[in-house]
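Residue strings, one per chain:
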Amino acid sequence: MSQQLPPSADWIGHPTVDAVFDVVRDTASEVREALPERRAYVEGHNPSGEKVRAADEYADELFCERLLALESVGSYASEERESARTADDGGEFHLALDPLDGSSNLTSNNPMGTIVSVYDEPVPTTGDHLVAAAFVLYGPNTTMVVSDGDSVDEYLIEAGAAEGSGEDDDGRKLLREGLTLPDDPTVYAFGGRRPDWTDDVTEAVEALEDDRLKLRYGGAFIADVMQVLTHGGVFAYPELADTPEGKLRYCFECAPVGFVVEAAGGRVSDGYGDLFETDPDRLHERSPVYLGNEELVDRIEAKLS
Ligand SMILES: O=P(O)(O)OC[C@H]1O[C@](O)(COP(=O)(O)O)[C@@H](O)[C@@H]1O
Ligand SMILES: [Mg+2]
Ligand SMILES: [Mg+2]
């Protein structure tokens with residue numbers, strides 16, 4: 001059942017990763033078009049106990065079917081599935097997806113994302129096993145950020161361009177090459193309700209406010225992280241007093257996005273040290289996450305430890 005898609009221009013120069021990103025680019029345009037008709041909640045909850053929208057289910061099915069069909073892809077895991085689906089004929093790369101990130105923003109028509117992680121061993125595993133990661137942002141435009149861990153590039157995804165429309169006929173246009181975090185950070189975004197933060201987290205946020213950083217929080221991880229990558233600053237979904245593990249999932253959200261932020265010259269921490277030192281036992285394990293400009297993440301960590 002495996003098929004190798006025809007190669008197009010490199011994203012990062014690794015044949016399997018480039019094929020994965022080609023599929024993500026094409027599928028993201030279809031996911032975007034399908035959103036208006038798929039706002040309703042379906043029955044049941046995902047493995048993290050959250051309500052699921054028709055759009056979450058649709059995106060998960062589409063990405064799974066297409067990505068698992070690629071040669072060299074051995075398994076597909078996602079936030080929406082209890083366990084990973086494996087390819088009949090094996091494969092050395094293992095994918096972990098958050099097919100729709102921030103889908104609670106659908107009704108209010110705010111941004112959402114897709115997060116794609118390419119690991120060299122089956123998940124759950126530590127972020128040290130990431131080979132590449134990408135995320136799509138469904139904002140006023142659809143953009144895609146890709147990284148091999150050394151550098152970060154941002155592309156504009158153009159719906160329909162894959163069929164051939166002149167200069168963009170591979171369906172993407174390079175917007176920012178070698179994207180790095182600005183040295184002079186200006187924004188911060190912390191998830192969770194303020195009354196639920198620990199005292200240390202509250203103090204850390206007050207210190208950021210004293211530094212005149214501006215609050216930018218929209219309830220979709222990818223959209224909030226793009227603000228940090230663009231303006232400099234810090235995003236956190238921190239430990240909470242009654243849920244020390246926070247909200248975001250290690251394999252699907254924290255590790256891949258941290259991988260991209262570190263490749264952009266920033267840092268990711270679980271509040272007490274290197275996020276990649278965590279070796280999760282469970283596929284849907286959560287972790288607190290703090291990422292952005294290194295100096296800010298270091299300062300927060302010093303407050304928490
Ligand atoms: O509603 P809260 O508590 O601010 O949580 C927002 C966070 O939850 C998420 O929506 C979780 O992602 P999913 O929509 O993929 O479950 C993140 O995108 C976002 O950072
Ligand atoms: Mg998410
Ligand atoms: Mg999701």
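Here the structure is a predicted model, which is why all the values come from computation and not from measurement.

(A) Region of interest: the UniProt feature "domain: Fructose-1-6-bisphosphatase class 1 C-terminal" (unreviewed entry) in the protein. Under the feature "domain: Fructose-1-6-bisphosphatase class 1 C-terminal" (unreviewed entry), the UniProt entry names residues 181–302. The span residues 181–302 shows a helical share of 38% and a strand share of 15%, and its end C-alpha atoms are spaced 21 Å apart.

(B) Structural view of the coordination of the magnesium ion (ligand 3). Around the magnesium ion (ligand 3), the donor atoms from the protein are Glu79 (OE), Asp98 (OD) and Leu100 (O), and they sit 2.2 to 2.6 Å away. Each donor residue of the magnesium ion (ligand 3) belongs to the same chain, with the gaps between them written as E-x18-D-x1-L. Separating the magnesium ion (ligand 3) from the magnesium ion (ligand 2) is a gap of 3.9 Å, which Asp98 spans by donating to each of them. With Glu79 in the loop between strand S3 (73–78) and strand S4 (85–86) and Leu100 in strand S5 (residues 93–101), the pair connects residues that are 21 residues apart, well separated along the chain.

(C) Main features of the site of ligand 1. Inspection of the region around ligand 1 gives 17 residues, with Asp101, Gly102, Tyr217, Phe221 and Tyr237 positioned closest. At 3.3 Å from an oxygen atom of ligand 1 is found a main-chain nitrogen or oxygen belonging to Leu100. When ligand 1 is considered free in solution it has 470 Å² of accessible area, and contact with the protein chains removes 81% of it. When residues in the shell around ligand 1 are grouped by element, the largest group, three residues, is from S5. Across the shell around ligand 1, the residue classes break down as seven nonpolar, three polar and seven charged. In this structure, the shell around ligand 1 is formed jointly by two domains, domain 1 (15–176) and domain 2 (187–304), each of which donates at least three residues.

(D) Here's a closer look at the UniProt feature "binding site: Mg(2+) 1" (unreviewed entry) in the protein. Here the UniProt-annotated "binding site: Mg(2+) 1" (unreviewed entry) positions come out as Glu79, Asp98 and Leu100. A maximum C-alpha distance of 9.1 Å is found for the annotated residues, which run over 22 residues; spatially they form one tight group. On the secondary structure map, Asp98 appears in strand S5. In this structure Asp98 comes out as buried when scored by relative accessible area, which is 0%. Setting aside anything within four residues of it in sequence, one finds Asp98 in contact with Glu79, Gly113, Thr114, Ile115, Phe252 and Glu253. Look past the residues within four positions of Leu100 in its chain and what remains in contact with it is Val31, Leu35, Ala55, Asp56, Ala59, Met112, Gly113 and Tyr138.

(E) Local environment of the sheet that holds S4. With respect to topology, eight strands assemble into an open sheet ordered S4-S3-S5-S6-S7-S8-S9-S10, the strand pairing being mixed. Every interior strand has two partners, whereas the edge strands, S4 and strand S10 (172–176), have only one. Of the strand pairs in this sheet, S3 and S4 are connected by two bridges, and their pairing is antiparallel. If you follow Ser75 over to S4, its bridge partner there is Thr86.

(F) Here's a closer look at the confidence of the model for the protein. The predicted model of the protein averages 94 in pLDDT, with 94% of residues at 70 or higher. Predicted confidence for residues 1–7 stays below pLDDT 50, and this span has 14 contacts to residues more than four positions away or in other chains.

(G) How the structure looks around helix H1 (residues 15–34). Here H1 is 20 residues long and its end C-alpha atoms lie 29 Å apart, about the 28 Å a rise of 1.5 Å per residue gives. Of all 20 residues in H1, 15 are buried; the element is thus mostly enclosed.

(H) Looking closely at the coordination of the magnesium ion (ligand 2). Coordination of the magnesium ion (ligand 2) by the protein comes from Asp98 (OD), Asp101 (OD) and Glu253 (OE), over a distance range of 1.9 to 2.1 Å. Every donor residue of the magnesium ion (ligand 2) comes from the same chain, spaced as D-x2-D-x151-E. By relative accessible area, which is 4% here, Asp101 ends up buried. Residue classification places Glu253 among the buried positions, given a relative accessible area of 2%.

What counts as what
Residues numbered from 1 in each chain as written. Chains lettered and ligands numbered in written order. Predicted model: local features only at pLDDT ≥ 70, side-chain atom pairs only at ≥ 80, totals over all residues. Heavy atoms only, no water. UniProt positions renumbered as here; feature names shortened; annotations may be inferred. Helix = DSSP H or I, 4+ residues; strand = E, 2+ residues; numbered from the N terminus. Donors = N, O, S within 2.8 Å, 3.2 Å for Na, K, Ca; no water. Near = heavy atom within 4 Å. Polar contact = N/O pair within 3.5 Å; in protein donor to acceptor, adjacent residues only side chain to side chain. Areas by Shrake-Rupley, 256 points an atom, 1.4 Å probe, with all protein chains shown as cover. Nonpolar A, V, L, I, M, F, W, Y, C, P; charged D, E, K, R; others polar. Domains from an automatic or database assignment. Buried < 20%, exposed > 50% of the residue type's maximum accessible area, 1.4 Å probe, protein only. Contact = heavy atoms within 4.5 Å. Pairing = 2+ DSSP bridges. pLDDT = per-residue confidence, 0-100. Expected span 1.5 Å × (residues − 1).

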